[in-house]
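Summary of structural features
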Amino acid sequence: MTRRLRPPVPLAVTCDLSGVPRSVRHAGHTLAVTHIAAAWTQAPRWWREDTSVPASETRHYRLVLANRLIFEVHRDAEVHRDADSWHLDCIVD
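The sections below set out a description of the structure shown in this document. Worth saying up front: this structure is predicted, and the values here are computed from it rather than measured. (Residues numbered from 1 in each chain as written. Predicted model: local features only at pLDDT ≥ 70, side-chain atom pairs only at ≥ 80, totals over all residues. Heavy atoms only, no water.)

Some remarks on the overall build of the protein
What the protein contains, in helices and strands, is zero helices and seven strands. Tracing the protein from N to C terminus, the helices and strands come up as β-β-β-β-β-β-β. Within the protein, the fraction of its 93 residues that count as buried is 30%. Intrachain contacts of the protein at a sequence separation of at least 6 include 41% that bridge at least 24 residues. Counting every atom, the protein has about 6200 Å² of accessible surface; 54% of that belongs to carbon and sulfur. (Helix = DSSP H or I, 4+ residues; strand = E, 2+ residues; numbered from the N terminus. Buried < 20%, exposed > 50% of the residue type's maximum accessible area, 1.4 Å probe, protein only. Contact = heavy atoms within 4.5 Å. Areas by Shrake-Rupley, 256 points an atom, 1.4 Å probe, with all protein chains shown as cover.)

Here's what the structure looks like:
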């Protein structure tokens, strides 16, 4: 079953030196990323009405976690070094 989260939920993600996710903290549990099933970049959404958020590329990942859940997460490319910039979009179990 797939569960879309709207709006996306802030998520704590630990990355390696190259910025690739290695673990996530969600609902009081830290889970290792066993592998990355997909990664893609989304172009800025110039047509959106919310101008309070800067238009920037968004990096998306489909992460397979140690407990076999799949998280689809994203972060804005401009603020990718900020640990609080990660968001959980979707959970697949």
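Comments concerning the side chain of His 74
Of note, His 74 is situated in strand 6 (residues 70–76). There is a polar contact of 2.8 Å between the side chain of His 74 and the side chain of Asp 89. Sequence-distant contacts of His 74, defined by excluding residues within four places in its chain, comprise Pro 8, Thr 58, Arg 59, His 60, Ser 85, Trp 86, His 87 and Asp 89. (Polar contact = N/O pair within 3.5 Å; in protein donor to acceptor, adjacent residues only side chain to side chain.)

Examining the sheet that holds strand 1 (residues 2–10)
Strand order in the open sheet formed by seven strands is 1-7-6-5-4-3-2, and the pairing between neighbours is antiparallel. Looking at the sheet topology across the chains shown, the edges are occupied by strand 1 and strand 2 (12–15). Looking at each pair of strands side by side, their axes are set apart by 30 degrees on average, direction ignored. (Pairing = 2+ DSSP bridges. Axes fitted to C-alpha atoms, helices over the stretch in contact; angles between N-to-C directions.)

Let's talk about the side chain of His 60
Summarising the element assignment, His 60 is placed in strand 5 (residues 58–65). Within the structure, His 60 has its side chain in polar contact with the side chain of Gln 42 (distance 3.1 Å). Not counting residues up to four positions away in its chain, the partners in contact with His 60 are Ala 38, Ala 39, Trp 40, Gln 42, Val 73, His 74 and Asp 89.

Describing the pairing of strand 2
Here four bridges tie strand 2 to strand 3 (residues 21–26), and the two strands are oriented antiparallel to one another. Bridged to Cys 15 within strand 3 is Pro 21. Hairpin connection, strand 2 to strand 3: the antiparallel pair is bridged by five residues, and Gly 19 has positive phi, about 90 degrees.

Observations regarding unusual backbone geometry
Note the cis peptide between Arg 6 and Pro 7, where omega equals 0 degrees. With a phi close to 75 degrees, Arg 68 is a non-glycine residue in the positive phi region. Relative to the helices and strands, Arg 68 is located in the loop between strand 5 and strand 6. The exposure class of Arg 68 is exposed, given its relative accessible area of 74%.

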